[in-house]
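Examining the three-dimensional arrangement
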Amino acid sequence: MADKAQIQDAIKTQGEVVRKLKSEKASKEQIDEEVAKLLQLKAQLGGDEGKHAFVLKTAKGTRDYNPKQMAIREKVFNIIISCFKRHGAETIDTPVFELKETLTGKYGEDSKLIYDLKDQGGELLSLRYDLTVPFARYLAMNKITNIKRYHIAKVYRRDNPAMTRGRYREFYQCDFDIAGQYDAMIPDAECLKIVYEILSELELGDFRIKVNDRRILDGMFAVCGVPDEKFRTICSTVDKLDKMAWEDVKKEMVNEKGLSEEIADRIGEYVSMQGGKDLAERLLQDPKLSQSKQACAGLTDMKQLFSYLELFQVTDKVVFDLSLARGLDYYTGVIYEAVLSQTVPAPVPTPTEQNGADEAGVSVGSVAGGGRYDGLVGMFDPKGRKVPCVGVSIGIERIFSIMEQKAELSSEKVRTTETQVLVASAQKNLLEERLKLTTELWNAGIKAEVLYKKNPKLLSQLQHCEETGIPLVAILGEQELKDGVVKLRNVASREEVDVPRADLVDEVKKRTL
């Protein structure tokens, strides 16, 4: 163990790091992380002999949400859920952990990120990695052949967290899926319409929805000369094109995955292509790609998809992009991903996060993704019966990160309660009257508060309203009680009006709804 003097020096240095971050007004997460390190160093010195030093912090890759953050989160959820309901979806829930074998072999190279629970002599269990595989298990187990459902719940990944970029080990997923045998591309187009509606309504800035098809990718790999057994692993490498330059992706294909430079260059020609319906038509005439039946089927569907997207009025944001791969093994047809077109301002990165941070702000990357997975339910069905499915997952944590940063930069105050009116008194000994009036309001469905003091000062009651954003104060005094009225005060304008007690509920509703 390091000697006492070394630890004291380390405490001094770490204290300076914390002070510097505070003076630079760094993000709360960064300050908390460095404070936790400082507390750990102090714990090593040990206060009382033999007493276990305990550091209060959240586990790596997780976070608490304060009331302000929860208010933002609730607003986002309401927008998303109302969109799902507008499109006729119902909701389900599944356990937070599944049998380990349910999740095994469904996620390709990402399987290493699954959290396995400790074997305690019973079933081998893992925390769910996404909501799609549990959904497929649910369909197969209950023999459901068609459903349109949404599911919002937490999932877990042993990923390397980047908190300022909205990447965590515990996070919410927000899924919408359509299961059932339908005519080609109609449900797929609706999923893209949903992404378009949600991102537009959240006002996160300009966005693009990239689409491709697993069959086009596999056909492209085949005509470029990629061996069958390397399709999935090369697919995972192509999927990194949004984070890495083509030269680095090519290096990985050649040096790590064992492709020849010539094959990698052929892939490079295709994955640089972007367009719309016109690109699908052009590729159907491509001398090499048209040799692949798989690719032709995918391109024909892509043309059909774009014709539906035109009817849904979303083609201004959708682009057919051959570099889009999405690394998950279970996709079988159309795949898509929505990305924001701009970076957003972000807190100052800690020294450990400095590398890879964009100086102008943080690019949050993908904010939604999904696709068609027609074989997944069949993997769970004893008779292998397939239920075609298509769905989308909204990247809710990344959206929260952006909304929180926008709220920090905005002068607008975020309300954390929905109280419509505070029942106050201007004189002493009116607690009972305040409680009676509060009860009347609660019984009428009005969101009302009262301060928990027998004789609060009027000023402190008004200050409470200003601090928490309560728009109205119902003031009682001896005179008001005699006259059968309540003095209703508008907190912002300070204008006051006497309202007959019998009319108070209607007046509050009129002014706050």
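Everything numeric in this text was worked out from a predicted model, so none of it was measured.

Calculation rules
Just so you know, the residues in each chain are numbered from 1, in the order the chain's sequence is written. Note on the predicted model: pLDDT of at least 70 is required for a residue's local features to be given, and 80 or more for side-chain atom pairs to be given and counted; whole-chain, interface and lining totals, by contrast, use all residues. Side-chain descriptors were evaluated using all non-hydrogen atoms of the structure, hydrogens and water having been removed beforehand. Each residue is assigned to one of three classes by its accessible area relative to the maximum for its type, calculated with a 1.4 Å probe on protein chains only: buried under 20%, partly exposed between the two thresholds, exposed over 50%. Under the DSSP-based scheme used, a helix requires at least four consecutive residues in state H or I and a strand at least two consecutive residues in state E, with every element numbered from the N terminus. Strands qualify as paired when DSSP identifies two bridges or more between them. Exposure above 30% relative accessible area and the absence of a salt bridge qualify a residue for a patch, where like charges join within 9 Å and nonpolar side chains (Val, Leu, Ile, Met, Phe, Trp, Tyr) within 5 Å. In this description, accessible areas are obtained by the Shrake-Rupley approach with a 1.4 Å probe, and a residue is regarded as covered only by the protein chains that are shown. By definition, a salt bridge exists where a carboxyl oxygen of Asp or Glu is found within 4 Å of a side-chain nitrogen of Lys or Arg. Angles run from 0 to 180 degrees between N-to-C directions of axes, and those axes are lines fitted to C-alpha atoms, restricted for helices to the stretch in contact. Here the angle decides the label: under 35 degrees means roughly parallel, over 145 means roughly antiparallel, 65 to 115 means roughly perpendicular, and every other value means oblique. Should the near helix be turned anticlockwise from the far one by less than a right angle, the crossing is termed left-handed; should it be turned clockwise, right-handed. Should any heavy atoms of two residues lie within 4.5 Å, those residues are counted as being in contact. Residue polarity follows a fixed list, in which Ala, Val, Leu, Ile, Met, Phe, Trp, Tyr, Cys and Pro are nonpolar, Asp, Glu, Lys and Arg are charged, and the others, Gly among them, are polar. Stacked, tilted and edge-to-face are the three classes assigned to paired rings of Phe, Tyr and Trp, where Trp is represented by its six-membered ring and a pair needs centres within 6.5 Å; plane angles under 30 degrees give stacked, over 60 edge-to-face, the rest tilted. We call a charge positioned over a ring when the NZ of a Lys or the CZ of an Arg lies within 6 Å of the ring centre and within 35 degrees of the ring normal.

**Thoughts on the pairing of strand β4 (residues 147–156)**
Counting buried positions over the 10 residues of β4 gives seven, a clear majority of the element. Sheet analysis places β4 next to strand β5 (residues 170–179), joined by 10 bridges and oriented antiparallel. Residue pairing across strands places valine 155 opposite phenylalanine 171, the latter belonging to β5.

**Some details on a nonpolar patch on the surface**
Taken together, the side chains of Val96, Phe97 and Leu117 present a nonpolar region at the surface, about 220 Å² in accessible area. For leucine 117, the location among the structural elements is in the loop between α4 (100–103) and β3 (125–127). On the basis of relative accessibility, which here comes to 33%, the residue leucine 117 falls in the partly exposed class.

**Considerations on unusual backbone geometry**
Positive phi is not limited to glycine here, since glutamate 203 has a value of about 50°. Its place among the elements puts glutamate 203 in the loop between α6 (186–202) and β6 (207–213). Taking relative accessible area as the criterion, glutamate 203 reaches 59% and is therefore assigned exposed. Positive phi values are uncommon outside glycine, yet arginine 494 reaches one of about 65°. With respect to the element layout, arginine 494 can be found in the loop between β15 (485–490) and β16 (496–500). Given the relative accessible area of 53%, arginine 494 is considered exposed.

**Overview of the sheet that holds strand β7 (residues 274–275)**
Taken together, the nine strands give an open sheet; going across it, the order is β1-β4-β5-β11-β10-β9-β6-β8-β7, and neighbouring strands pair in mixed fashion. If you trace the sheet from one side to the other, it starts and ends with β1 (90–91) and β7, each paired once. As judged from the two bridges shared by β7 and strand β8 (residues 318–321), these two strands associate in the antiparallel manner. Bridging across to β8, glycine 275 finds its partner in phenylalanine 320.

**Some points on the pattern of salt bridges**
Counted under the stated rule, the structure contains 36 salt bridges. Here arginine 208 ties to aspartate 206 by a salt bridge, and the two come within 3.9 Å at their closest N and O atoms. A salt bridge links aspartate 381 to arginine 385, with the nearest nitrogen and oxygen atoms 3.3 Å apart. One salt-bridge network, in which partners are shared between bridges, spans Arg86, Lys193, Glu197 and Glu201.

**Some details on the sheet that holds β16**
With respect to topology, five strands assemble into an open sheet ordered β13-β12-β14-β15-β16, the strand pairing being mixed. The open sheet is flanked by β13 (448–450) and β16, the only strands paired with a single partner. Each adjacent strand pair in this sheet contributes to an overall mean axis angle of 30°, direction not counted. Relative to β16, β15 is paired through five bridges, and the arrangement is antiparallel.

**Description of the packing of α6 against helix α12 (residues 293–311)**
One way to put it is that α6 packs onto α12 with a least axis distance of 9 Å and a crossing angle of 50°. Judged on the interaxial angle alone, α12 and α6 are oblique. Classified by chirality, the crossing of α12 by α6 is right-handed. Between α6, through Ile186, Asp188, Ala189 and Leu192, and α12, the contact on the second element is made entirely by Leu305, Tyr308 and Leu309. Residue classes in the contact of α6 with α12 are distributed as six nonpolar, no polar and one charged.

**Brief notes about the packing of aromatic side chains**
Within a pair of aromatic rings, the relevant descriptors are the distance that separates the centres and the angle that separates the planes. Counting across every chain of the model gives eight aromatic pairs. Both rings, one in tyrosine 196 and one in phenylalanine 207, keep their centres 5.9 Å apart while their planes meet at 75°; by these two values the pair is edge-to-face. Of the two residues, tyrosine 196 is situated in helix α6 and phenylalanine 207 in strand β6; the sequence distance between them amounts to 11 residues. Among the residues examined, phenylalanine 207 registers a relative accessible area of 3% and is labelled buried. Here a set of aromatic residues connected by ring pairs shows up, and it is made of Phe77, Tyr172 and Phe400. A cation sits over an aromatic face here: arginine 149 above phenylalanine 135, 4.0 Å from the ring centre.

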